[in-house]
Amino acid sequence: MIAEKAQRVFRRRVFYIPGYDPFPPRRYRELYRKEGRLQAEISGYDLTLTARLADPGRPYGWRVTTLMGRPAEAEIEVLVWSDLVQGSMRRGVLGTYALLLKTASTYGASGALWQLLRLRKGPMIAALYPAVLLVGQALVALAVAAFALWLAADLPWGGARELAAVPALALAWAVLEGFRRIDRRLYAYYLLHDYAFTAVKAGAYPDILEARLAEFGARVRAALSDEVDEVLVVAHSSGVHLAVSVLADLLRPNLNRADPGWEGVPKPGPALGFLSLGHAVPMASFLPKAGRLRADLAYLSTSKALTWVDVTAPGDGCCFALCDPVAVSGVAPEGQIWPLMISAAFTQTLSPERWAKLKRQYFRLHFQYLCAFDRLQGRTIDYDYFRITAGPMTLARRFRARQSSASRITTARNPHRGLE
């Protein structure tokens, strides 16, 4: 009987919420396949990724089987909002510069920008990067136009400068359009649209996003009725604050947006876990109309219906490393128990050779949480994305003896703390 119980297959449903990413979900499947195979080779366990049986209700996902002392199976589903991202990025040059002005005024006039700079400089450098680059591109375009007009001043016919104005403006436009076309290398337009997506309504969720979050909640709610050991929600980057609202809605019986008759997580039922990675929550929660998000953070931080583990790394300049998203947002209630905050500690969990190769690849490092680490053995910080998402242990059990990092930041910096 004991041997039979020990060999029972551990089953898990995983829901992954990406950050602001216009790419299709197969990108994450291929990343999981490649990095999972590498981590299995490094750590000495078996991991196999296969296609999931066709299911119109769950079209974006894959199945993972592992042997890490005990057999385990996981079905991983990507909760897709890349279509909303793509829609928000369909702006030309003028539309993007209009967004730049709107975003800058929202963060500046609200007082959020200064407090965010005081909180963590790394992610704010990343936030200011697109603004600086776009302004620089505009200055280059104006310089080209001015040079064309200067050349026209020496032409022999009268009114040459006036006649040259139209081609000079056309040259300036061509320069700006050229920069837009090579943005896959520069990321200025992409990052500006990312921050603008949050700032356009000063931190409130657009209606189209609210509808998508309700759909996400319905998917997670349905999984809680499955015969599995754990339902795990994983969110990365900008997806973290979306997951906070999805789970808060799910756990408030009287406020469940997917089903008002929902009576909360069934008991007994599968364990519910929330793994947040590389969060940028303050970029949203520090805005004046983000009351819904702040209320969700406060609620989720005291819930005993789930386990919330937050993983960041000081080496990731795109996240608010070790910043408690609840506390720094100024909404930490009495009795706060979540999130448990740990560092992925890239300098300790990546070999010196690997770290030297990646430390200047800022955007690649922001995705390292989803990738293999080649220096885990014997480390006190044992973060293994593939053990967590596909291994035979719940998130609660894996981290039950852990304490939050002593370096975590809990100072409330948010100038806006309303919960409505």
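Sequence order as written defines the numbering, with residues in each chain counted from 1. Per-residue local features of the predicted model are confined to residues with pLDDT of at least 70, and side-chain atom pairs are confined, for both listing and counting, to 80 or more; whole-chain, interface and lining totals are unaffected and use all residues. Hydrogens are left out, water is left out, and the side-chain values use all remaining heavy atoms of the structure.

(A) Geometry of the packing of helix α4 (residues 93-109) against helix α9 (residues 188-199). Axis definition: a line fitted to C-alpha atoms, over the contacting stretch in the case of helices. Angles run 0 to 180 degrees between N-to-C directions. Strands here are runs of E lasting at least two residues and helices are runs of H or I lasting at least four, both read from the DSSP assignment and numbered beginning at the N terminus. Here α4 crosses α9 at 50°, and the two axes come no closer than 9 Å. One finds that α4 runs oblique with respect to α9. The interaxial crossing formed by α4 with α9 has left-handed handedness. Listed contacts from α9 to V93, T96, Y97, L99, L100, T103, T106 and Y107 of α4 are Y189, L192, H193, Y195, A196, T198 and A199. Under the grouping applied here, Gly and all other residues not named as nonpolar or charged are polar, the nonpolar ones being Ala, Val, Leu, Ile, Met, Phe, Trp, Tyr, Cys and Pro and the charged ones Asp, Glu, Lys and Arg. A breakdown of the residues in the contact of α4 with α9 according to their chemical character gives 10 nonpolar, 5 polar and no charged. For classification purposes, an angle smaller than 35 degrees is called roughly parallel, one larger than 145 roughly antiparallel, one from 65 to 115 roughly perpendicular, and anything else oblique. By the definition used in this description, the sense in which the near helix is turned from the far one sets the handedness, with an anticlockwise turn below a right angle giving left-handed and a clockwise turn giving right-handed. Contacts between residues were defined by any pair of non-hydrogen atoms, one from each residue, lying within 4.5 Å.

(B) Spatial organisation of the packing of aromatic side chains. Pairing of aromatic rings covers Phe, Tyr and Trp, the last through its six-membered ring, and needs centres within 6.5 Å; plane angles under 30 degrees mean stacked, over 60 mean edge-to-face, and all others mean tilted. In the structure shown here, the tally under the stated rule is 16 aromatic pairs. Ring geometry for Y32 versus F386: centroids 4.9 Å apart, planes at 75°, classification edge-to-face. Placement of Y32 in helix α2 (residues 26-43) and of F386 in helix α17 (residues 385-390) is noted, with a sequence separation of 354 residues between them. Between F346 and Y369, the aromatic rings sit 5.6 Å apart at their centres with planes inclined by 50°, giving tilted as the arrangement. Taken as a pair, F346 in helix α14 (residues 346-349) and Y369 in the loop between α16 (362-366) and α17 lie far apart in primary sequence, 23 residues in all. Taken together, the ring pairs in this structure connect Y20, W81, Y187, Y190, F197 and F363 into an aromatic cluster. The ring of F367 is capped by R27, whose NZ or CZ atom sits 5.2 Å from the centre of that ring. Working rule: Lys NZ or Arg CZ, within 6 Å of ring centre, within 35 degrees of ring normal, means a charge sits over the ring. Above the plane of the ring of Y299 lies R252, whose end atom (NZ or CZ) is 4.7 Å from the centre.

(C) Here's a closer look at helix α11 (residues 239-251). Here α11 spans 18 Å end to end across 13 residues, near enough to the 18 Å set by a 1.5 Å rise per residue. Within α11, 13 of the 13 residues are buried, which leaves it mostly tucked inside the rest of the structure. Take the residue count of a helix, subtract one, and multiply by 1.5 Å to get its expected span. Only protein chains enter the accessibility calculation, which uses a 1.4 Å probe. A residue is then buried if its area is under 20% of the maximum for its type, exposed if over 50%, and partly exposed in between.

(D) Spotlight on the pattern of salt bridges. Whenever a carboxyl oxygen of Asp or Glu lies within 4 Å of a side-chain nitrogen of Lys or Arg, that contact is scored as a salt bridge. Applying the stated criterion to the full structure yields 20 salt bridges. We note a salt bridge from D229 to R8, for which the minimum N-O separation is 3.0 Å. One end of the pair, D229, is in the loop between α10 (207-223) and β5 (230-236); the other, R8, is in the loop between α1 (2-6) and β1 (10-17), and 221 residues separate them in sequence. The closest approach of N and O atoms between D249 and R252, which form a salt bridge, is 3.7 Å. Neither residue differs from the other here; D249 and R252 are each classed as buried. Each of the salt bridges in this network shares a partner with another, and the network as a whole consists of E210, D249, R252, R292 and D296.

(E) Here's a closer look at the sheet that holds strand β7 (residues 307-312). When DSSP locates at least two bridges between a pair of strands, those strands are taken to pair. If you trace the 8 strands from one edge of the open sheet to the other, you get β2-β3-β4-β1-β5-β6-β7-β8, paired in mixed fashion. The open sheet terminates on both sides in strands that have one partner only, identified here as β2 (46-50) and β8 (340-343). Direction aside, the axes of adjacent strands within the sheet are offset by 20° on average. For strand β6 (residues 271-277) and β7, the ladder comprises 5 bridges, and the chain directions are parallel. Bridge pairing links L277 to V311 in β7. Its contacts with the sheet put α2 on β1, β2, β3 (61-67) and β4 (71-78), and the angle it makes with β2 is roughly 160°. α11 rests against β1, β5, β6 and β7 of the sheet, and its axis sits at about 160° to β6.

(F) Representation of a nonpolar patch on the surface in the model. By definition, no residue in a patch forms a salt bridge, and every one has over 30% relative accessible area; like charges are joined within 9 Å, nonpolar side chains (Val, Leu, Ile, Met, Phe, Trp, Tyr) within 5 Å. Here the open area of atoms and residues is found with the Shrake-Rupley method and a 1.4 Å probe, where only the protein chains shown may cover a residue. A surface patch of nonpolar side chains, about 290 Å² in accessible area, is lined by V135, L139 and L142. Judged by its relative accessible area of 43%, V135 falls in the partly exposed class.

Treat this as a map of the structure, not an account of what it does.
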